[in-house]
Amino acid sequence: MKKNLGQDAIYDARELGVPRMLVLGLQHLFAMFGATVLVPILVTKYGLPLSIQTTLLFAGLGTLLFHLCTKLKVPAFLGSSFAFLGGFEAVASLDVGKFAGMSGEEKLPYALGGIVVAGALYLILALLFKLVGPQKVMRFFPPIVTGPIIILIGLNLSGSAIANASTCWWLALVAIAIIVVANIWGKGMVKIIPILLGVVGSYIVAVIAGQVDFSGVSEASFLGFQQFVIAKFDVSAILVMAPIAIAAMMEHIGDISAISSTTGKNFIADPGLHRTLLGDGLATTLASLFGAPANTTYGENTGVLALSRIYDPLVIRIAAVLAIILSFSPKFEAVINTIPTGIIGGISFVLYGMISAIGVRNVVENRVDFTNSRNLIVAAVILVCALGFNSVGGVGFTVGSVTINLSGLAVAAIAGILLNAILPGNDYEFDATAGSDAATSGNLQV
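Not measured: the values here are computed from a predicted model. (Residues numbered from 1 in each chain as written. Predicted model: local features only at pLDDT ≥ 70, side-chain atom pairs only at ≥ 80, totals over all residues. Heavy atoms only, no water.)

S.K.: So what's going on with the nonpolar core? Which residues, and what values?
M.R.: Core analysis: the biggest nonpolar cluster contains 77 residues, and F84, F88, F129, F141, M241 and I256 have the highest contact counts within it. It is helix α4 (residues 104-132) that provides the largest number of residues to this core, a total of 11 residues. Ignoring anything within four residues of it in the chain, the contact list for F141 reads F129, T146, M250, I253 and I417. Among the nonpolar cores identified, the runner-up in size contains 34 residues, and L29, F33, A206 and Y298 belong to it. (Core = buried A, V, L, I, M, F, W, Y, C linked by side-chain atoms within 4.5 Å. Buried < 20%, exposed > 50% of the residue type's maximum accessible area, 1.4 Å probe, protein only. Helix = DSSP H or I, 4+ residues; strand = E, 2+ residues; numbered from the N terminus. Contact = heavy atoms within 4.5 Å.)

S.K.: Mind laying out the environment of A269, listing which residues take part and the relevant values?
M.R.: Residue placement: A269 occurs in helix α13 (residues 268-289). The class for A269 is partly exposed, based on a relative accessible area of 26%. Taking the C-alpha atoms as reference, A269 lies 9.3 Å from G133; in sequence the two are 136 residues apart.

S.K.: Quick one: what's the story with unusual backbone geometry, residue by residue and with numbers?
M.R.: Outside of glycine, negative phi angles account for most residues, and trans bonds account for most peptide bonds. A cis amide bond links D270 to the next residue, P271, at an omega of 15 degrees. We note that K71 has phi near 60 degrees; this positive angle belongs to a residue other than glycine. Topologically, K71 is positioned in the loop between α2 (52-69) and β1 (78-80). Given the relative accessible area of 44%, K71 is considered partly exposed. Even without being a glycine, L72 presents a positive backbone phi close to 65 degrees. Looking at L72, the relative accessible area reads 42%, which means it is partly exposed.

S.K.: Lay out the packing of aromatic side chains with the relevant residues and their values.
M.R.: One pair of aromatic rings is described through two measures. These are the centre distance and the angle between the planes. This structure, assessed with the given rule, holds six aromatic pairs. Judged by centre distance (6.2 Å) and plane angle (5 degrees), the ring pair of F58 and F290 falls under stacked. Of this pair, F58 sits in helix α2 while F290 sits in the loop between α13 and β2 (295-297); the two residues are 232 residues apart in sequence, bridging distant segments of the chain. Residue class for F58 comes out buried when judged on its relative accessible area of 5%. With centroids separated by 6.5 Å and ring planes inclined at 75 degrees, the aromatic side chains of W169 and F349 adopt a geometry described as edge-to-face. Of this pair, W169 sits in helix α7 (residues 169-185) while F349 sits in helix α17 (residues 341-365); the two residues are 180 residues apart in sequence, bridging distant segments of the chain. A relative accessible area of 38% places W169 in the partly exposed class. (Phe/Tyr/Trp six-rings, centres within 6.5 Å; stacked < 30°, edge-to-face > 60°.)

S.K.: Give a detailed account of the side chain of D312, specifying residues and quantitative values.
M.R.: Within the secondary structure, D312 sits in the loop between α14 (299-308) and α15 (313-326). Although buried, D312 forms no salt bridge, and the nearest oppositely charged side chain, R317, lies 5.1 Å from it. One polar contact links the side chain of D312 to the main-chain amide nitrogen of A13, over a distance of 2.8 Å. The residues contacting D312, other than those within four sequence positions of it, are I10, Y11, D12, A13 and R14. (Lys, Arg positive; Asp, Glu negative; His and termini not counted. Salt bridge = Lys/Arg side-chain N within 4 Å of Asp/Glu carboxyl O. Polar contact = N/O pair within 3.5 Å; in protein donor to acceptor, adjacent residues only side chain to side chain.)

S.K.: How would you explain the packing of α14 against α17 if you had to name every residue and give the values?
M.R.: Two elements in contact, α14 and α17, have axes whose closest approach is 8 Å; the angle formed by their N-to-C orientations is 80 degrees. As judged from the angle between their axes, α14 and α17 are roughly perpendicular. Together, G299, E300, T302, G303, V304, A306 and L307 of α14 and V350, L351, Y352, M354, I355 and I358 of α17 make up the contact between the two elements. By residue class, the composition of the contact of α14 with α17 is nine nonpolar, three polar and one charged. (Axes fitted to C-alpha atoms, helices over the stretch in contact; angles between N-to-C directions. Parallel < 35°, antiparallel > 145°, perpendicular 65-115°, else oblique. Nonpolar A, V, L, I, M, F, W, Y, C, P; charged D, E, K, R; others polar.)

S.K.: So what's going on with the confidence of the model for the protein? Residues and values would help.
M.R.: Mean pLDDT over the protein works out to 82, with 90% of the residues at or above the 70 mark. Mean pLDDT per element in the protein: strand β4 (residues 402-406) is the minimum at 58, and α2 is the maximum at 95. pLDDT under 50 marks residues 434-446. Its contacts with residues more than four places away, or in other chains, come to 32 contacts. (pLDDT = per-residue confidence, 0-100.)

S.K.: Describe the pattern of salt bridges, with residues and values.
M.R.: Under the criterion given, the structure shown has two salt bridges. With a shortest N-O distance of 3.0 Å, D12 and R14 are connected by a salt bridge. By relative accessible area, which is 27% here, D12 ends up partly exposed. Judged by relative accessible area, which is 61%, R14 ranks as exposed. Between D270 and K73 there is a salt bridge whose closest N-O contact spans 2.9 Å. In this pair, D270 is assigned in helix α13 and K73 in the loop between α2 and β1, connecting sequence segments 197 residues apart.

S.K.: Explain the packing of helix α18 (residues 373-391) against helix α19 (residues 408-422) residue by residue, including any values.
M.R.: With their axes 7 Å apart at the nearest point, α18 and α19 run at an angle of 165 degrees to one another. It follows from the interaxial angle that α18 and α19 lie roughly antiparallel. Here α18 and α19 pass one another in a crossing that is right-handed. Residues R374, I377, V378, V381, I382, C385, A386, F389 and N390 of α18 form the contact with α19, whose own contacting residues are G408, L409, V411, A412, A415, G416, L419 and N420. (Left-handed = near helix turned anticlockwise from the far one by under 90°.)

Written out as structure tokens, the structure is:
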């Protein structure tokens, strides 16, 4: 039966042919690229010189490792995690004990060592899922918890989208307009590559308008190796970095729930959260061992899945291979860096909104009963904690001589899980066989 591109879900991209698969992989590459390279750019500004090429290499390798761990079933791309930015900044500012007088280049391996330990925490949670089973563990992560967290993943990123778009609103609006027109009124292939068309189309407009600076491109070489940094370990840096894994793991569960909801497949049950956490944890550990930031499942690519309706993980693996190849080219990195910030803001405007919308759909499709006061309280506390504490820079506390900062999302995740476990009336039953959409929540009304 002939598929209607952009309307019908496609789980085997091979039926589209190799050229189209390559274009779809390129779209996923563009979707993750801006955010993935932004992390090393920001960390370098803190004084810790992370390499963009190394980051790109381990995003590709980490994605392939994740797919191996998940039996090639989950269409997720792993890019740089923003959750650890506060930790990098904290390590950069350490000036006590052995860190006194250290340069940023000398501190970087210790920050990476802390992330290695954080990645190991993923493996502990993965083992818990394997031993206890998803039904018992997911009782602590029902839709009333994961739904608002998914919503907040998008909302917390929205400020970045606005900030980037505000650098050139007309370019951002051009990118948004191209995406909307391609996805709503486009036909065939045009309908399933709106993000790629948005990037390329608005970039051409920016070039014509003289908004692109090519000065750095001519100076960059075509081929060049990545810069590796071997992780080192120190208790102070570990105490700064490791607790951030709590937020990252909750985001992971939310992302896998979002991907399950988007594709209509229950990846929490098959291949199982123990495998997705294992893949994410191993990818993060591998990256940080050799000089790249932590990896995480990328909501941007989930947004692309929702828009294109092409759910074949093979397309994601194509993007991963492209990322690895391009990590050997400083010239490509320089070209990508010429994309105006306003365009990145416009693309992010749509993708981040898609993430939050998926969270709303997660709550609606699981028929969470908001006439139940218990559910209202859990959702209310999660929402206010995430947005409120983020507005004041998170929650800081001191362990010995080290100040640890938890993001608003980490506080919200902890508060939501604890409230859901403590408050009476939690009759959520996770159906591992029927799929994520078959889950029920307290006082379900049929």
